[in-house]
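# Remarks on the overall topology
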Amino acid sequence: MKRTIIKIDDQKCNGCGQCMPNCPEGALQLIDGKARLISDLFCDGLGACIGHCPVDAITTEEREAEAYDEKRVMENIVLQGATVIAAHLDHLKSHNQTQFYNEAVSVLSEKNITLPENKEEHMHDHQGCPGAAFRSLAKTETQTVDDSQARPSHLTHWPVQLHLMSPMSPSYAAADVVLSADCVAYTYADFHKDWLKGKSLAIACPKLDDGQESYLEKVTALIDEAKINTLTVLTMEVPCCRGLLAIAQKAASIAKRKIPIKSVVIGIKGNKQSEEWV
């Protein structure tokens, strides 16, 4: 039969495995360093795994495929416990898959398994990309900031977008470079003071930008040709942001020179979650 099913781009897949925990149906496995669709039977084609791929290697396509079998899927899911069961049921309901949902409930009934409560915590990681999920960041306390004086900008050059900048620009020569995900500057209040002062900047979005193969080439050129001193990679805590660090690390592995790379992760509330040399 012809139906929608996921497709994995081997060239883009970096083997991070982030898609696998987000496929409770068990259709994905990591084989030879790549995510693989091991069974059409287990893939419902709804794409719960897509938003969890930091390099956009997973899409959907319409092709000839064996029919999805909800009952066989449930045989695997019930072994994984109540949380996975609840997440799977929420996944089916959010896509209006009433028939599959009823089949799943029927299997639970046959096995005398109590239907899990529809708790909010079971749904967070199973409704598309967690980085795109709405979250209220309202402050619990009134904060006052002295805005009577403008803060100085520490940006030393333009352009800064990775597609537009040239690694051969004098601004990058022998510099300490910050490679930042776009959203970091909007989230971290003291971005200029804490991360940009005395450094050269390049920005990119590892989820939405096209042509990321050129990013790998440019970061490699920064290391080998511009002979930068250090590279600090600033990313958000959301999974789709991790691809930027992966690009930097791959470039470092390809480059002839060796430089220290620091990874800094910023939380969506503007706090620094981690800072380490990698």
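Look up: the structure comes first, before these words.
Quantities reported herein were computed from a predicted structural model and do not represent experimental measurements.

## As for helix α1 (residues 70-77)
Glu70, Val73, Met74 and Ile77 are the residues of α1 that are buried. Down the axis of α1, the smallest arc covering the buried residues is 100°, so these residues share one side. In this structure Asp69 caps α1, since a side-chain oxygen of it lies 3.2 Å from the backbone nitrogen of Lys71.

## Considering the pattern of salt bridges
One pass over the structure, following the stated rule, counts eight salt bridges. Across the pair Glu275 and Lys272 runs a salt bridge whose closest N-O atoms are separated by 2.6 Å. Owing to a relative accessible area of 35%, Glu275 belongs among the partly exposed residues under this scheme. When salt bridges that share partners are traced, they join Lys262, Lys272 and Glu275 into one network.

## Brief notes about the packing of helix α6 (residues 213-224) against helix α7 (residues 243-254)
At a closest axis distance of 8 Å, the pairing of α6 and α7 adopts a crossing angle of 55°. What the angle tells us is that α6 and α7 run oblique. For the element pair α6 and α7, the recorded crossing hand is right-handed. On the side of α6, the interface is formed by Tyr215, Leu216, Val219, Thr220 and Ile223, while α7 contributes Ile247, Ala248, Lys250, Ala251, Ala252 and Ile254.

## Side note on the packing of α1 against helix α3 (residues 98-110)
The description of two helices packed together rests on the angle between their axes and the distance between the axes. Two elements in contact, α1 and α3, have axes separated by 9 Å at closest approach and are oriented at 50°. Relative to α3, α1 is oriented oblique. Pair α1 / α3 crosses with right-handed handedness. For the pair formed by α1 and α3, the contact residues are Glu70, Lys71, Met74 and Glu75 on the first element and Phe100, Glu103, Ala104, Val107 and Leu108 on the second. Class assignment for the residues of the contact of α1 with α3 results in five nonpolar, no polar and four charged.

## Some words on the nonpolar core
Leu162, Leu179, Val184, Phe191, Val219, Ile228 and Leu231 are the most contacted members of the largest nonpolar core, which totals 43 residues. For this core, the elements supplying multiple residues, two or more each, are β5 (176-181), α5 (191-196), β6 (200-204), α6, β7 (230-236), α7 and β8 (261-266). Counting 31 residues, the second-largest nonpolar core is a separate cluster that includes Ala35, Ala57, Ile77 and Leu92.

## Details of the sheet that holds β6
The five strands are arranged β6-β5-β7-β8-β9 in an open sheet whose pairing can be described as mixed. Each edge of the open sheet carries a strand with a single partner, namely β6 and β9 (272-277). Taking the axes of each pair of neighbouring strands and ignoring which way they run, one obtains an average angle of 15° across the sheet. Pairing analysis gives five bridges linking β8 to β9, with the strands arranged antiparallel. When the sheet's bridge partners are listed, Val264 is paired in β9 with Glu275. Packed on one face of the sheet, α7 meets β5, β6, β7 and β8 and runs near 160° to β7.

So, how was this worked out
Residues numbered from 1 in each chain as written. Predicted model: local features only at pLDDT ≥ 70, side-chain atom pairs only at ≥ 80, totals over all residues. Heavy atoms only, no water. Buried < 20%, exposed > 50% of the residue type's maximum accessible area, 1.4 Å probe, protein only. Helix = DSSP H or I, 4+ residues; strand = E, 2+ residues; numbered from the N terminus. Arc of directions from axis to C-beta. Polar contact = N/O pair within 3.5 Å; in protein donor to acceptor, adjacent residues only side chain to side chain. Salt bridge = Lys/Arg side-chain N within 4 Å of Asp/Glu carboxyl O. Axes fitted to C-alpha atoms, helices over the stretch in contact; angles between N-to-C directions. Parallel < 35°, antiparallel > 145°, perpendicular 65-115°, else oblique. Left-handed = near helix turned anticlockwise from the far one by under 90°. Contact = heavy atoms within 4.5 Å. Nonpolar A, V, L, I, M, F, W, Y, C, P; charged D, E, K, R; others polar. Core = buried A, V, L, I, M, F, W, Y, C linked by side-chain atoms within 4.5 Å. Pairing = 2+ DSSP bridges.

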